[in-house]
Amino acid sequence: VWFHTSNSDINRHNKSLVLQTVLFLSLALPTAVSVARTTNISGAADPLNFLDVVVNIGDGWNRSVKINNTLDVEETSIYFFHLNAGAMSGCEVNMNIRGSYNADILRTSTSHTGIDTLSRDFIQTVNAGLTIKVTNEYLSNLFSDSGRQTSFTAFDLQTFLSSSNQKIFSVARQTGYTTYGELPFDDVLVDTGGDWTGSRYTITKAGLYFFTLSCGVTATNSIRAQVVSATNGVLAEIWRGSTSNNGEDTLNNVVMADLVEGDYVYINYISGELYSDGDRQTSFAGFQYTPVEGNQHAWSVFRTSSYDVGVDPVDPLPFNGSSVNTDLYSFDDHQVHITQSGLYYVSLNVGVKASSTLEAYISRGTSRTEAQISRSSTVHNGEESMGQGLLLELSAGDVLKIILGSESQLFSDKDKQTIFSGLLLYPYPN
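Residues numbered from 1 in each chain as written. Predicted model: local features only at pLDDT ≥ 70, side-chain atom pairs only at ≥ 80, totals over all residues. Heavy atoms only, no water.

Trainee: Explanation requested: the nonpolar core in the structure shown.
Mentor: Counting 62 residues, the largest nonpolar core has Phe 155, Phe 287, Trp 299, Leu 343 and Phe 420 as its most contacted members. Among the elements that line this core, the one with the most residues is strand β31 (residues 342-352), at seven residues. Those residues in contact with Phe 155 that lie beyond four places of it in its chain are Thr 31, Ala 32, Ile 78, Tyr 79, Phe 80, Phe 160, Tyr 345, Leu 391 and Leu 425. Core analysis: the second largest hydrophobic core is formed by 29 residues, Phe 169, Tyr 209, Leu 213 and Val 255 among them. (Core = buried A, V, L, I, M, F, W, Y, C linked by side-chain atoms within 4.5 Å. Buried < 20%, exposed > 50% of the residue type's maximum accessible area, 1.4 Å probe, protein only. Helix = DSSP H or I, 4+ residues; strand = E, 2+ residues; numbered from the N terminus. Contact = heavy atoms within 4.5 Å.)

Right, here's the structure in full:
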């Protein structure tokens, strides 16, 4: 039997402990964790010390004295991971997931003159008994405040999806690449349906799919890489137009799409110079969204034009198109209206204009910031992709929206560099 209690919801809604106890008809506790920093981190850390525990279902997050800030895995399964790193002015970043396979956010560039928020996702099989930890292997500092710019998310993806004919894949590169066109991935980490072939993921079962692309980029180089459906065209794009960075960097974008059987998805590598090494900075992963319990609740909305903010913040930021929307995102008030209580994964990816700053907030209701993308550095002579992601326990009636801070300069065009997505992993009683 699967029990969970959400103290934050109890406090927020003044509900009794009994009413907030959720009974899940399952044989085992799944693992779902989102943890963050709300203060800066000084120097290298092994493991990183996350004090803000946003979600800890299954009690997989171990904050004991002996094993501090680690994720203990009890059963072999396929896990989804998300990393966020707030890079401080002039500071390098090497924030690593140490698991069955290693993956990191790498920044060796020191040319930026303010804060940058870096992100990436990774899917891998994790064996029972393994302890997952996040490390920062450089002596430089990481930035984080109440916007959770430095954070770690992990959940047992396989448990949260229907056990019938699961479709999950994860591929990566361990070397750089400079040949434009369909990008090949030779490091196949997960392919449950046998649907990956060289450079393409074939849709053998129609439905809603989640995709995430991470790209490493070499020093003083730009990058353009697109997630493309053969049927629907460009779904999302990573764009780094800037050549100001004097070292490697890691960029990310996330999108959901409703795809037909026989379609295939690939990465169109357009320009620049990709970087990747044994920590797999360049990777591509996804899954068919088939929740193990309840109906599909998901959205993936995008902008096809840029947005310049004046002195007053933009609240909420309007999106003008969607690739997935199960009647949650309203194009009337530009907010997500939650109709089913439960555990959600939420992500925001934005493009930032050249030589510009940006503050973007994932906000719950009128006054609660759940996560924030911060960019105060202006030493970037071209556009750039940035992101955020985390797990949230939401209640029916909650509202999510994106707020842009004063003087923010958002970039997006027809290739969808700015996308706001979310999906319900498991329902709670309303």
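Trainee: Sorry if this is basic, but what is going on with unusual backbone geometry here?
Mentor: Most peptide bonds are trans, and most residues other than glycine sit at a negative phi. Of note, the bond from Asp 46 into Pro 47 is cis; its omega dihedral lies within 30 degrees of zero at 0°. Within the fold, Pro 47 resides in the loop between β3 (32-36) and β4 (52-57). One non-glycine residue, Arg 148, lies in positive phi territory at about 55°. Mapping Arg 148 onto the fold places it in the loop between β12 (142-143) and β13 (151-156). When its relative accessible area of 13% is taken as the criterion, Arg 148 is described as buried. For Ser 355, which is not glycine, the phi dihedral falls at a positive 55°. Tracing the sequence through the fold places Ser 355 in the loop between β31 and β32 (358-364).

Trainee: Explain the UniProt feature "domain: C1q" (unreviewed entry) in the protein chain to me, please; I cannot follow it from the model alone.
Mentor: Sites flagged by UniProt as "domain: C1q" (unreviewed entry) map to residues 160-292. End C-alpha to end C-alpha, residues 160-292 measures 5 Å, and it is 1% helix and 55% strand. (UniProt positions renumbered as here; feature names shortened; annotations may be inferred.)

Trainee: Any chance you could explain the sheet that holds strand β29 (residues 329-330) here in plain terms?
Mentor: In sheet architecture, strand pairing relies on hydrogen bonds along the backbone and comes in two forms, parallel and antiparallel. Read from one edge of the open sheet, five strands run β29-β30-β35-β32-β33, paired in antiparallel fashion. Strand pairing shows two members of the sheet lacking a second neighbour, β29 and β33 (368-375), which therefore form its edges. Here five bridges tie β32 to strand β35 (residues 399-404), and the two strands are oriented antiparallel to one another. Paired with Ser 363 across the two strands is Lys 401, which belongs to β35. (Pairing = 2+ DSSP bridges.)

Trainee: Even after reading the chapter, I still don't get the packing of aromatic side chains, so can you show me in this structure?
Mentor: The geometry of an aromatic ring pair is captured by the separation of the ring centres together with the interplanar angle, meaning the angle of the planes. Counting across every chain of the model gives 30 aromatic pairs. Relative to Phe 155, the ring of Phe 80 has its centre 4.9 Å away and its plane inclined at 20°; by these criteria the two rings are stacked. Separated by 75 residues along the polypeptide, Phe 80 in strand β7 (residues 77-87) and Phe 155 in strand β13 bring together distant segments of the chain. Phe 155 carries the same exposure label as Phe 80, and that label is buried. Their ring planes at 75° and their centres at 6.3 Å tell us that Phe 155 and Phe 160 sit as a pair that is edge-to-face. Under the relative-accessibility criterion, Phe 160 is labelled buried at 1%. Taken together, the ring pairs connect Phe 169, Phe 185, Trp 196, Tyr 201, Tyr 209, Phe 211 and Phe 284 into an aromatic cluster. In this arrangement the basic side chain of Arg 224 is found over the ring face of Trp 239, its NZ or CZ atom lying 4.4 Å from the centre. Over the aromatic face of Phe 302 sits the side chain of Lys 416, whose NZ or CZ is 5.1 Å from the ring centroid. (Phe/Tyr/Trp six-rings, centres within 6.5 Å; stacked < 30°, edge-to-face > 60°. Lys NZ or Arg CZ within 6 Å of the ring centre and 35° of its normal.)

Trainee: I keep staring at the pattern of salt bridges and nothing clicks. Help me out?
Mentor: Pairing between side chains becomes possible if they bear opposite charge and their charged atoms approach one another. Per the stated rule, a full pass over the model turns up 22 salt bridges. We note a salt bridge from Asp 249 to Arg 240, for which the minimum N-O separation is 3.0 Å. Residue Asp 249 is classed as buried on the basis of its relative accessible area, which comes to 1%. Residue Arg 240 is classed as buried on the basis of its relative accessible area of 0%. Between Asp 315 and Lys 401 there is a salt bridge, with its nearest N and O atoms 2.9 Å apart. Taken together, the positions of Asp 315 in the loop between β27 (307-308) and β28 (321-325) and Lys 401 in strand β35 put the pair 86 residues apart, joining distant regions of the chain. (Salt bridge = Lys/Arg side-chain N within 4 Å of Asp/Glu carboxyl O.)

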